[in-house]
Amino acid sequence: MRKFIDKIKPSFEKGGKFGFLHSTFDAFESFLYVPDTVTLKGSHVRDSVDLKRIMITVVVALVPCALFGIWNVGYQHNLAFDLNWGFWQMVWYGFLRVLPLYVVAYVVGLAIEFISAQIRGHEVNEGFLVSGMLIPLIVPVDVPLWMLAIAVAFAVILGKEVFGGTGMNIWNPALLCRAFLFFSYPSKMSGDTIWTGGVTRYLTDGTAFQSGNGLADAFSGATPLVHAGAGGVQGLTDAGTSFMDLIIGTIPGAVGETSVIAILIGAVILIWTGVASWKIMLSSVIGALAIGGLCNLIGGTPAMEMPAYYHLVLGGFAFGTVFMATDPVTSAQTETGKWIYGFLVGALTVTVRLFNPGYVEGMMLAILLMNTFAPLIDHYVIEASISRRAKKVKVA
Amino acid sequence: MSNNIDLKRGLDIPITGTAAQKTKKVVKPDVVAVKPTDFRGLLPRLLVREGDKVLAGSPVLADKKSPEILFTSPVSGTVTEIVRGEKRKLLEVRIKADESQEYVDFGSRKVAGMSTGEIKEVLLKSGLWPAFIQRPYGIIADPEIRPKAIFVSAFTTAPLAASTEYAFRDEMNYIQTAVDAISKLTDGGVHVSLNSSNYSGTPFHKLENVTFHVFSGKHPAGNVGVQIHHISPIRKGETVWTVSPLMLAAIGKLFVTGKYDMSRLVAVTGPEADDPCYVQGIAGMQMDSIADFRKDKGAEVRFISGDVLTGSNTGEHGFLGFYDNQVTLIEEGNKFEMLGWAKPVRSSLFSFSHTYFSWLTPNKKYNMDTNLHGGPRAFVMSDVYGKVLPMDIYPVYLVKACLAGDIDKMEKFGIYEVLEEDLALCEYVCPSKIEIQSILSDGIDLMMKEMA
């Protein structure tokens, strides 16, 4: 293998036959082998960690969510069509529905990454390994694939490459992808039926992958977030959703964001490896509880009277807090800034949920908004630090 | 002990090859080199020609900007070669040592009776003035300036660095003499930092005429820059000087014996050093004289004058630096590793991050090599740098300001307080493999140009 690579390497070097594909070749080579480059300046030894390792750690942390999501897609389909499926049938159905999402996300995203790296003459950045893993988990399973492809292209090109690639972007590309879907195709993406696999197709064509006897009588398809928004805890109970269901994740919703347990496994991996900031996660939870608790005191609507901790397990809050808000590039960079940033993410999420009747999922908007303000938070944290230093020096 | 400054952040790099506390041999100098590249920003003027005879202490180079600063030969012998690089930049003046060494006599004198001017004059003439490093910027001290204070770090935390207790155990009286002399050059006194772990055990504890400070923590707690940051941060417009124990010993010898004696105990260390220990060497000695330490495996070995974080790659026939009393031998890591980054466990490699499992074996030492372990990327991770820098500055912002060449921001983010060595660990842990030290170097060069 190594010999083969060494043999074909010269034709991909500058001036070689395939010189224009240098970045592509380099990406595949460094994917297969840690390169033989040695330190030239500065420190002669370097830590064995690199960005590939960090990205793969996040991917591993996402695996529980993805696996649970695959099963849950089958499970929800089973419920909707009253099919009495066994475990493996549900997994197989979910696999067939989720796999195309992954194929589309990775093919479109990586193609754009490779082309832009080629144009710039850079190495291909591994950032999209994570974005590509995230995107299928935060979209509804019934999203048309062509829409997903356009959304991924939009997110990668306008969200990342125009700023200079991974490390330079302002907004989280995966969230931008979801935001694009929701605001560009509101007629397709809103409503209650998109969240359960196969239902959209059944309603339009009269067929589904496994339509069985048609939709079950009790099927509503609405996510618990909608029930909670309309009726608070009572609304959830009326829809047959218990607090435990929300924790385990046997509810309709975006593919990977329903199970709090799977997300917590991922959170443990991320915090333990130090890849994601626990400060952001914790402060986001505190922020959500603070606003939620305040609304509990005020009361008024059933949603506002719903205990604050329900917000933590509803909708995309847990997933967003653990995997999206903590993106090291788009979150706040300073340690104090991370506390402020996380708190505001949590607080804004609940605010949007409770005070915006048109749009129930606040997490995406809250994170994108805070992504925008993260540099501002950092700016003030640093200004404060500089003036503190100046004062300290005066005393000394 | 009451005012111990405990530095929580840092990292001791677990690399094999600590020098055993024994002196294996005395290196008889053969060819030695005086290297202008050891000194930042120096514009050298050559004072000798090939074939000239010199004594130990005879001037070889002078500073073009302040011609009274001389650089002298550490041995007596003949100038054999003047090595120049690109654009005829002067790299080395090589001197072949004589069989027996003769020294220029600078006169043995009692420091107590000397005036500041006389002390300065002797130091400048003898070639020991460059022992003083001036901060900000880490340049050779300006003899016209009276610094705020002079700082000495009497312990070292750098990877595999020579133990100050062992290397200077016979030279404490010289160091005391030097302290007495240099305390006349400043009004702020001489500040010596000790390590809390052997606070009362180290011979430096007995020094007089100094102010002590006590630090504890991992590397870079032993860096004088980090210590100054916690003792008395450098304001804009202020200058402080630093001097190493090694240079203090040389200064002491100069005043006691009247000789420019640059001999020193050199720690030969690193994973590729066989039986790592100390040798009695001299500044500018050639690496060939310690070639017998090299493990004979046919591997390509990098000879580093200094430690693995900040030393310079001299090549196997290179020369020991002016300020260095350590040589590190490590293997060149020019090998591919299949799917290395994806392997769950790479037990032969250390990582500061928990993405590998080296945190399970905290006492293990590793045979590190020079592989970069990845490709260069943009800054992504924001919190790893702060974890190894016990200073109240934002390293990423400082480095970005250097990249942008923004003088105003560099100043705000603390460029006056740091040198490359202080951020070396940030470079080590950087998952994006950014050359932080070299970026900071360029930033400092820019500052010197713009602020001059």
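These figures come from a predicted structure and were not determined experimentally. (Residues numbered from 1 in each chain as written. Chains lettered and ligands numbered in written order. Predicted model: local features only at pLDDT ≥ 70, side-chain atom pairs only at ≥ 80, totals over all residues. Heavy atoms only, no water.)

Enquirer: What am I meant to see in the confidence of the model for chain B here?
Expert: The predicted coordinates of low-pLDDT regions are not to be read in fine detail. Here chain B averages 90 in pLDDT, and 100% of its residues register 70 or above. Taken over the whole predicted complex, pTM reads 0.87, whereas the ipTM for its chain interfaces reads 0.83. (pLDDT = per-residue confidence, 0-100.)

Enquirer: Explanation requested: the pattern of salt bridges in the structure shown.
Expert: Side chains carrying opposite charge are able to pair once their charged atoms draw close together. In total, this model carries 29 salt bridges over all chains according to the counting rule given. The shortest N-O distance in the salt bridge between A:Arg97 and A:Asp142 comes to 2.9 Å. With a gap of 45 residues between them, A:Arg97 in helix H4 (residues 87-120) and A:Asp142 in the loop between helix H5 (127-134) and helix H6 (145-159) connect regions that are remote in the sequence. For A:Arg97, a relative accessible area of 22% translates into the label partly exposed. For A:Asp142, a relative accessible area of 9% gives the class buried. The closest approach of N and O atoms between B:Asp187 and B:Arg146, which form a salt bridge, is 2.9 Å. Residue B:Asp187 is found in the loop between helix H3 (172-182) and strand E13 (190-195), and its partner B:Arg146 is found in the loop between strand E11 (139-140) and strand E12 (150-153); the two are separated by 41 residues along the sequence. (Salt bridge = Lys/Arg side-chain N within 4 Å of Asp/Glu carboxyl O. Helix = DSSP H or I, 4+ residues; strand = E, 2+ residues; numbered from the N terminus. Buried < 20%, exposed > 50% of the residue type's maximum accessible area, 1.4 Å probe, protein only.)

Enquirer: Whenever I open this one, the packing of H4(A) against H5(A) confuses me. Can you help?
Expert: Describing two packed helices takes the angle between their axes plus the distance from one axis to the other. Residues and elements named next belong to chain A. For the pair H4 and H5, interaxial distance at closest approach is 9 Å and the crossing angle is 155°. With respect to H5, the element H4 is oriented roughly antiparallel. The two elements H4 and H5 cross, and the hand of that crossing is right-handed. Residue-level inspection shows Tyr102, Ala105, Tyr106, Gly109, Leu110 and Glu113 of H4 in contact with H5, the latter providing Phe128, Leu129, Gly132 and Met133. Class assignment of the residues belonging to the contact of H4 with H5 gives a composition of seven nonpolar, two polar and one charged. (Axes fitted to C-alpha atoms, helices over the stretch in contact; angles between N-to-C directions. Parallel < 35°, antiparallel > 145°, perpendicular 65-115°, else oblique. Left-handed = near helix turned anticlockwise from the far one by under 90°. Contact = heavy atoms within 4.5 Å. Nonpolar A, V, L, I, M, F, W, Y, C, P; charged D, E, K, R; others polar.)

Enquirer: Would you take a moment to explain the pairing of strand E8 (residues 77-84) of chain B for this structure?
Expert: Side-chain positions along a regular strand alternate between the two faces of the sheet. All names here are of chain B. As paired elements, strand E5 (residues 53-54) and E8 share two bridges and run antiparallel to each other. Along E8, the bridge assignment pairs Lys53 with Thr78. Where E8 meets strand E9 (residues 90-97), seven bridges bridge the pair, whose relative direction is antiparallel. Among the inter-strand pairings, Ile82 is bridged to a residue of E9, identified as Val93. Between E8 and E9, which pair antiparallel one after the other, the connecting turn spans five residues, and Lys87 there sits at a positive phi close to 55°. (Pairing = 2+ DSSP bridges.)

Enquirer: I would appreciate a short explanation of the sheet that holds strand E4 (residues 44-46) of chain B in the present structure.
Expert: Note on sheets: strands pair through backbone hydrogen bonds, and any given pair is parallel or antiparallel. All names here are of chain B. If you trace the three strands from one edge of the open sheet to the other, you get E4-E6-E7, paired in antiparallel fashion. In this open sheet, the two edge strands, each paired with only one partner strand, are E4 and strand E7 (70-72). In this sheet, neighbouring strand axes are inclined to one another by 30° on average, regardless of whether the strands run parallel or antiparallel. Pairing between strand E6 (residues 59-63) and E7: three bridges, direction antiparallel. Bridged to Ala62 within E7 is Leu70.

Enquirer: What is the right way to read a positive patch on the surface from this model?
Expert: Side chains of B:Arg45, B:Lys64, B:Arg84 and B:Arg88 sit close together on the surface and give a patch of like positive charge. Here B:Arg88 is to be found in the loop between E8 and E9. (Patch = residues over 30% accessible without salt bridge, like charges linked within 9 Å, V, L, I, M, F, W, Y side chains within 5 Å. Areas by Shrake-Rupley, 256 points an atom, 1.4 Å probe, with all protein chains shown as cover. Lys, Arg positive; Asp, Glu negative; His and termini not counted. Charge placed at Lys NZ, Arg CZ, Asp CG, Glu CD.)

Enquirer: Help me understand the pairing of strand E14 (residues 211-217) of chain B in this model?
Expert: All names here are of chain B. For strand E1 (residues 4-7) and E14, the ladder comprises four bridges, and the chain directions are parallel. Pairing of Asn4 across the sheet is with Val214, part of E14. Note that E13 and E14 share five bridges and pair parallel. Looking at the pairing, Asn195 lines up with Phe215 of E14.

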